[in-house]
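Architecture at a glance
The primary structure of each chain is shown beneath.
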Amino acid sequence: MRWPATLIPVLACLPVIAQNPRYGNKLSPYVASPVRVVDRMLEIANIKPGETLYDLGCGDGRILIAAAEKYKAKAIGVEISPKLVATATSRIEKAGLEGQARVIQGDLLDVDLTGADVVTIYLATQLNAQLRPRLEKFLKPGARVVSHDYAVPGWKPNKVDKTGERQGHLIYLYEMPPVKQ
Ligand SMILES: C[S@@+](CC[C@H](N)C(=O)[O-])C[C@H]1O[C@@H](n2cnc3c(N)ncnc32)[C@H](O)[C@@H]1O
């Protein structure tokens, strides 16, 4: 079988993509945070009205909706699964929160996080490790990162909280340090 000439450069890249750890580990499976954990994550984030929250890998949009509804935050989700993007968008519309919350379809490792005051994540450790340099690059001093169950490797948390059924869920809070002079 002969491949069309236009496809040859794409096919030539495939082994490189498959071997690249960024592509191999960049997907975390979908598991929703229980409502109690979502509430606690937002409480710990100390989010204020008008602040901007990013939920990286936003699933069905529950964190976005809670942040917009209860805390009057501007909430932006990033989600790689088109099906979950549709679910989250429809839940946002049903809640009448289109003016405050939205979902970007794409890879969370490609998003500019400059405007974020709070970033929430519930991702595997390896993905947190890949995300870390981007958080360090984009986030301003005082921005908070709140992670459900999985630490960000190499960072020291400001707080580790236990919540949910039988205190079985860990929540890590990290605050971005002031810029060194
Ligand atoms: C464990 S779920 C968390 C969902 C939601 N944040 C919550 O706490 O309920 C992880 C989500 O991240 C999404 N995801 C995984 N890898 C991703 C990537 N590289 N870019 C964007 N979304 C991703 C998955 O599709 C899934 O919806």
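Everything below is about the structure shown above.
Attention in this report is confined to the structure presented alongside it. A quick note: this is a predicted structure, and the numbers were derived from the prediction, not measured.

**Things to note about the pairing of strand β1 (residues 52–56)**
Of all five residues that make up β1, four are buried, and the element is covered over most of its length. Of the pairings in the sheet, the one linking β1 to strand β2 (residues 74–79) comprises five bridges and is parallel in character. Within the sheet, the bridge partner assigned to tyrosine 54 lies in β2 and is isoleucine 76. What joins β1 to β2 is helix α4 (residues 62–71), and the crossover it makes is right-handed.

**Here we look at the site of the ligand**
Around the ligand, the surrounding shell holds 24 residues, and the nearest of these are Ser33, Gly57, Gly59, Ile80 and Tyr122. Contributing elements (two or more residues each) for the shell around the ligand: α4 and β2. Tallied by class, the residues present in the shell around the ligand amount to 13 nonpolar, six polar and five charged.

**Considering the sheet that holds β2**
Strands in a sheet are paired, the pairing made by backbone hydrogen bonds, and the direction either parallel or antiparallel. The strand order across the open sheet formed by seven strands is β3-β2-β1-β4-β5-β7-β6, and the pairing between neighbours is mixed. Bordering the open sheet on either side are β3 (101–105) and β6 (159–163), each of which pairs with just one other strand. Along the sheet, successive strands turn relative to each other by an average axial angle of 20 degrees, direction set aside. Pairing between strand β4 (residues 118–121) and strand β5 (residues 144–148): four bridges, direction parallel. In the sheet register, valine 118 faces β5, and the bridge partner there is arginine 144. Against the sheet, helix α5 (residues 82–94) touches β2 and β3, its axis set at about 170 degrees to β3.

Rules used throughout
Residues numbered from 1 in each chain as written. Predicted model: local features only at pLDDT ≥ 70, side-chain atom pairs only at ≥ 80, totals over all residues. Buried ≥ 20, exposed ≤ 12 C-beta atoms within 10 Å, placed from the backbone. Helix = DSSP H or I, 4+ residues; strand = E, 2+ residues; numbered from the N terminus. Pairing = 2+ DSSP bridges. Right-handed = clockwise from strand over helix to strand, strands pointing away. Near = placed C-beta within 6 Å. Nonpolar A, V, L, I, M, F, W, Y, C, P; charged D, E, K, R; others polar. Axes fitted to C-alpha atoms, helices over the stretch in contact; angles between N-to-C directions. Contact = placed C-beta atoms within 7 Å.

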